[in-house]
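Structure assessment
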Amino acid sequence: MTTGNLTTEQDYSLACNVCAVVQTVRVCTVRKDKYLHGLMVQEAFPEPEFNSAYREQIIGLRSGYHVCDDCWDSVTAYEEEE
Ligand SMILES: [Zn+2]
């Protein structure tokens, strides 16, 4: 635990549901709590400080379902196959 830093950040592991690659996402727990308590993700993590790709990861942390960028391309390109 770090002290003397008002920004409370924590690293979370986020696994891709397709290829199982695990990414580490650093999240401000204050913002994450707001999101978990009902704030819209774009309100808790507004642009331009956070981009949409980052918000996708946050959503994945909450839902437990995440697809990494590489797989997202293939999922959207070949969603009719498989
Ligand atoms: Zn993947």
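Fair warning: this is a prediction, and the values are worked out from it, not measured in the lab.

Concerning the environment of Arg-62
Within the secondary structure, Arg-62 is located in helix H3 (residues 52–63). Accessibility expressed as a C-beta count within 10 Å gives 12 for Arg-62, which makes it exposed. What Arg-62 contacts, discounting residues up to four positions off in sequence, is Tyr-35 and Leu-36.

Observations concerning the pairing of strand E2 (residues 22–28)
Two elements, strand E1 (residues 9–15) and E2, share 7 bridges in a ladder whose sense is antiparallel. Note that in E2 the partner of Ser-13 across the bridge is Thr-24. Two successive antiparallel strands, E1 and E2, enclose a turn made up of 6 residues, where Ala-20 displays a positive phi of approximately 70 degrees.

Comments concerning unusual backbone geometry
The residue after Glu-47, namely Pro-48, is reached through a cis peptide bond having omega 0 degrees. If you trace the backbone, Pro-48 turns up in the loop between helix H2 (41–44) and H3. A positive phi angle is found at Ala-20, which is not glycine, with a value near 70 degrees. Here Ala-20 shows up in the loop between E1 and E2. By C-beta crowding, Ala-20 is classed as exposed, having 9 other C-beta atoms within 10 Å.

Cut-off values and rules
Residues numbered from 1 in each chain as written. Predicted model: local features only at pLDDT ≥ 70, side-chain atom pairs only at ≥ 80, totals over all residues. Helix = DSSP H or I, 4+ residues; strand = E, 2+ residues; numbered from the N terminus. Buried ≥ 20, exposed ≤ 12 C-beta atoms within 10 Å, placed from the backbone. Contact = placed C-beta atoms within 7 Å. Pairing = 2+ DSSP bridges.

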